[in-house]
Amino acid sequence: MSVLRGQGHSHGSSVAHWSRLKSFLILLVSTVLMSLSADLVTEHIQPLLGENNVSIYFIGVTLLALVPDIPEVVNGIQFALQNNISLSIEVGSSIAVQVCLLQVPILVLVDVIYPINFYLIFPDIHLFSVIFAVFVMNYVFQDGKSDYFQGFALVLIYCILIFMYFFAPNPEGIKC
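Below, the structure is looked at part by part. (Residues numbered from 1 in each chain as written. Predicted model: local features only at pLDDT ≥ 70, side-chain atom pairs only at ≥ 80, totals over all residues. Heavy atoms only, no water.)

A closer look at helix H8 (residues 148-166)
Phase 1: With 19 residues, H8 should reach 27 Å at 1.5 Å per residue; the first-to-last C-alpha distance of 27 Å fits that figure.
Phase 2: For H8, the complete set of buried residues consists of Gln-150, Ile-157, Leu-161, Ile-162 and Tyr-165. Projected down its long axis, H8 shows its buried positions confined to an angular sector of 140°, all on one face. The outward face of H8, more than 90 degrees from its buried face, is lined by the exposed residues Tyr-148, Phe-149, Phe-152, Val-155 and Phe-163.
Phase 3: Close packing links the buried residues of H8 with helix H3 (56-61) and helix H7 (124-142). (Helix = DSSP H or I, 4+ residues; strand = E, 2+ residues; numbered from the N terminus. Expected span 1.5 Å × (residues − 1). Buried < 20%, exposed > 50% of the residue type's maximum accessible area, 1.4 Å probe, protein only. Arc of directions from axis to C-beta. Contact = heavy atoms within 4.5 Å.)

Overview of the side chain of His-126
Phase 1: Looking at the secondary structure, you find His-126 in helix H7.
Phase 2: In this structure His-126 comes out as buried when scored by relative accessible area, which is 18%.
Phase 3: Contacts of His-126, omitting those with residues within four sequence positions, involve Tyr-57 and Tyr-165.

Quick word on the environment of Val-61
Phase 1: Examined against the element boundaries, Val-61 turns out to sit in helix H3.
Phase 2: The class for Val-61 is partly exposed, based on a relative accessible area of 29%.
Phase 3: Remark: the alpha-carbon pair of Val-61 and Leu-161, spanning 100 residues in sequence, is separated by 9.3 Å.
Phase 4: What Val-61 contacts, discounting residues up to four positions off in sequence, is Ile-162 and Tyr-165.

Dropping the structure here:
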């Protein structure tokens, strides 16, 4: 059974015909599976940190940040392959907005009700990385168009930030 009906239409104009119950169940199952995969990753990351001289910043920015974002990455790539670059960039950047406006405030409120020792103290390296990323994304979004040069610049900047976090020293007094 095809999820999308309405052959003969261009990309993006097909209508999904799922019931609310089916949509809710699929969303619930996929959420549970994503949370289980994130839990597995965080449980099995301890040997990697103990055996190798890998920065915890690098692990946090790459591995731990990528696992919950896999659906957004896949959707962004699919939209880009369908020549819908603006939607692809929007999907890719919306996860950062979600974290800033929803997840962090909820963690702060949970810490007030049930203390989990959640602190919002960021080292300079994180602040400069975020400010730099905001400037670059603003440059890309300004004209509403994208080309290969801007895509290459974004990938290059991502690689530079990853290398920076890979060689960043681990903070003293933090045990994972």
